[in-house]
Amino acid sequence: MVGKPITHGFGVPNDPLPHQFLVRILLGRNDPVEIWEDFGAAGVGSTAQKLCRAAVPRDAWCQVAEGLKSHLNRRLKEKNLKASRFNTGDNRVERILGRELCVLAWAIEDATSDEAAIAFTRWSSHRPEELWWLFQQIDRDGGEWDSSKTGWRVAIRHALVKDGDEVSTAARRPRPKTPTEKIPDLFKDL
C-alpha cells in the first residue's frame, strides 16, 4: 500500500536539496516578508543558489496571508498532501506553488493593505497555468530582484491592483475545470 508522499511546509518533497521557494517572515512587525527561490541541487556551486524574488510590506502581507494559506492548502488537498501554515522564519513552498505565490508578491510589493486585498481577489481568480505563464514572463523580463518598477513587474501590479472601487475584496471561487483540461502534477517537470 502506497501512503501519502512525505512533504515539508507547503508541499515541498522530502528530497535532500529540492527546488523550492522560501517565505521568510521576520520577527519585527515592520520588517518586510521576503520571498526567496532556492534552486536546490540545480543551483549548487552556482552564484544563484538562492535568489530573493520579492520583499512585501508587512501590512500588505498580513492582508493576504490567510487567503494565500487557504489557496495553497486547497491546491495541496487536490493532490492529497498535508496542509501547512505560515510561521515566523522560513516557510517552505513547493516550486510550482511558489511561482503562483511570486506573481501575487510582485503585484503587492509596493501596495497598501487595501490594494493587496484587491490584488489577492484578482489573483485568486486566475487558473494555475495562467499564473505560471505570468511568472515566466515576469522572470524573463529580467531586471534585478528589487526592480519593481520595470516591465512586466509594473504590468502585473496594474493588472491586479489598478484603481477600482467596484471590486469586492472577498475571495472569488476558482473557475471550474473543463473535462479536457490537463493540470500538470506538482512534482513533475513542466
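Calculation notes
- Once a new chain begins, its residue numbering starts again from 1 and follows that chain's sequence as written.
- In view of the model being predicted, local features appear only for residues whose pLDDT reaches at least 70, and side-chain atom pairs are presented and counted only at 80 or more, with totals across whole chains, interfaces and linings using the full set of residues.
- The side-chain numbers reported here are obtained from all heavy atoms of the structure, hydrogens and water having been left aside.
- For this analysis, a ring pair means two rings from Phe, Tyr or Trp (six-membered ring only for Trp) whose centres lie within 6.5 Å, classed as stacked if their planes differ by under 30 degrees, edge-to-face if by over 60, and tilted for the remaining angles.
- Per the convention used, a helix needs a DSSP run of H or I reaching at least four residues, while a strand needs a run of E reaching at least two, with both numbered from the N terminus.
- Categorising residues by exposure relies on relative accessible area from a 1.4 Å probe, with only protein chains included: less than 20% of the type maximum marks a residue as buried, more than 50% marks it as exposed, and the intermediate range marks it as partly exposed.
- Whenever a helix is involved, its axis is fitted only over the stretch in contact; in every case the axis is a line through C-alpha atoms, and angles between N-to-C directions fall within 0 to 180 degrees.
- Orientation labels follow simple angle bins: below 35 degrees gives roughly parallel, above 145 gives roughly antiparallel, 65 to 115 gives roughly perpendicular, and whatever is left gives oblique.
- Rotating anticlockwise by less than a right angle from the far helix to the near helix defines a left-handed crossing, while the corresponding clockwise rotation defines a right-handed one.
- Two residues form a contact once any of their heavy atoms are found within 4.5 Å.
- Each residue is assigned to one class: nonpolar for Ala, Val, Leu, Ile, Met, Phe, Trp, Tyr, Cys and Pro, charged for Asp, Glu, Lys and Arg, and polar for all the others, Gly among them.
- Residues grouped as a nonpolar core are buried Ala, Val, Leu, Ile, Met, Phe, Trp, Tyr and Cys residues, joined through side-chain atoms within 4.5 Å.
- Salt-bridge detection follows one rule: a side-chain nitrogen of Lys or Arg within 4 Å of a carboxyl oxygen of Asp or Glu.
- Put simply, the grid is 1 Å and covers the protein atoms alone, a cavity is a trapped set of points that fit a 1.4 Å probe, a pocket is an open set with protein on both sides within 12 Å along at least five of seven lines, and lining residues have an atom within 4 Å of a point.
- Grid points are joined across faces, edges and corners, and a volume is the space filled by probe spheres set on the points.

(A) Main features of the packing of aromatic side chains. Enumeration over the complete set of coordinates arrives at six aromatic pairs. For the pair Phe-10 and Phe-86, a centre-to-centre distance of 4.8 Å together with 40° between the ring planes defines the contact as tilted. A residue pair is termed long-range when its members are at least 10 positions apart, and Phe-10 in the loop between strand E1 (7-8) and strand E2 (12-13) and Phe-86 in the loop between helix H1 (58-78) and strand E6 (89-94) qualify at 76 residues. In this pair, the class of Phe-10 matches that of Phe-86, namely buried.

(B) The arrangement of the packing of H1 against helix H2 (residues 95-108) in detail. In contact at an axis separation of 11 Å, H1 and H2 are set at 160° when each is read in the N-to-C sense. Of the possible angle classes, the one that applies to H1 and H2 is roughly antiparallel. Once H1 is placed against H2, the crossing between them reads as right-handed. Two secondary-structure elements touch here, H1 through Ala-60, Val-64, Leu-68, His-71, Leu-72, Arg-75 and Leu-76 and H2 through Leu-97, Glu-100, Leu-101, Leu-104 and Ile-108. Along the lines of polarity and charge, the residues of the contact of H1 with H2 split into nine nonpolar, one polar and two charged.

(C) Structural detail: the nonpolar core. The biggest cluster of nonpolar side chains holds 39 residues, and the ones touching the most others in it are Val-23, Trp-61, Leu-68, Phe-86 and Ile-108. Of all the secondary structure elements, the ones that give two or more residues to this core are strand E3 (20-25), strand E4 (33-38), strand E5 (50-56), H1, H2, helix H3 (113-124), helix H4 (128-141) and helix H5 (151-161). No other element matches the nine residues that H2 contributes to this core. Not counting residues up to four positions away in its chain, the partners in contact with Phe-86 are Phe-10, Val-23, Ile-25, Trp-61, Ala-65, Leu-68, Lys-69, Leu-72, Asn-91 and Leu-101.

(D) Spatial organisation of the pattern of salt bridges. One pass over the structure, following the stated rule, counts eight salt bridges. Across the salt bridge formed by Arg-53 and Glu-37, the nearest N and O atoms sit 2.6 Å from each other. Of the two residues, Arg-53 is situated in strand E5 and Glu-37 in strand E4; the sequence distance between them amounts to 16 residues. Exposure class is identical for Arg-53 and Glu-37. Each is buried. Two residues, Arg-153 and Glu-109, come together in a salt bridge whose shortest N-O distance is 2.9 Å. Within this pair, whereas Arg-153 is found in helix H5, its partner Glu-109 is found in the loop between H2 and H3, the two being separated by 44 residues in sequence. Because the salt bridges share partners, they merge into one network encompassing Glu-37, Arg-53 and Asp-139.

(E) Representation of empty space enclosed by the protein. Within this structure, the stated rule accounts for one cavity of 30 Å³ or more. There is about 40 Å³ of room inside the largest cavity. If you trace the largest cavity, you find it lined by Val-56, Trp-61, Val-64, Leu-68, Leu-101, Leu-104, Ala-105 and Ile-108. Contributions of two or more residues to the lining of the largest cavity are made by H1 and H2. Sorting elements by how many residues they give to the lining of the largest cavity places H2 first, with four residues. Here the residues of the lining of the largest cavity sort into eight nonpolar, no polar and no charged.

Distances and angles like these do not, on their own, reveal function.
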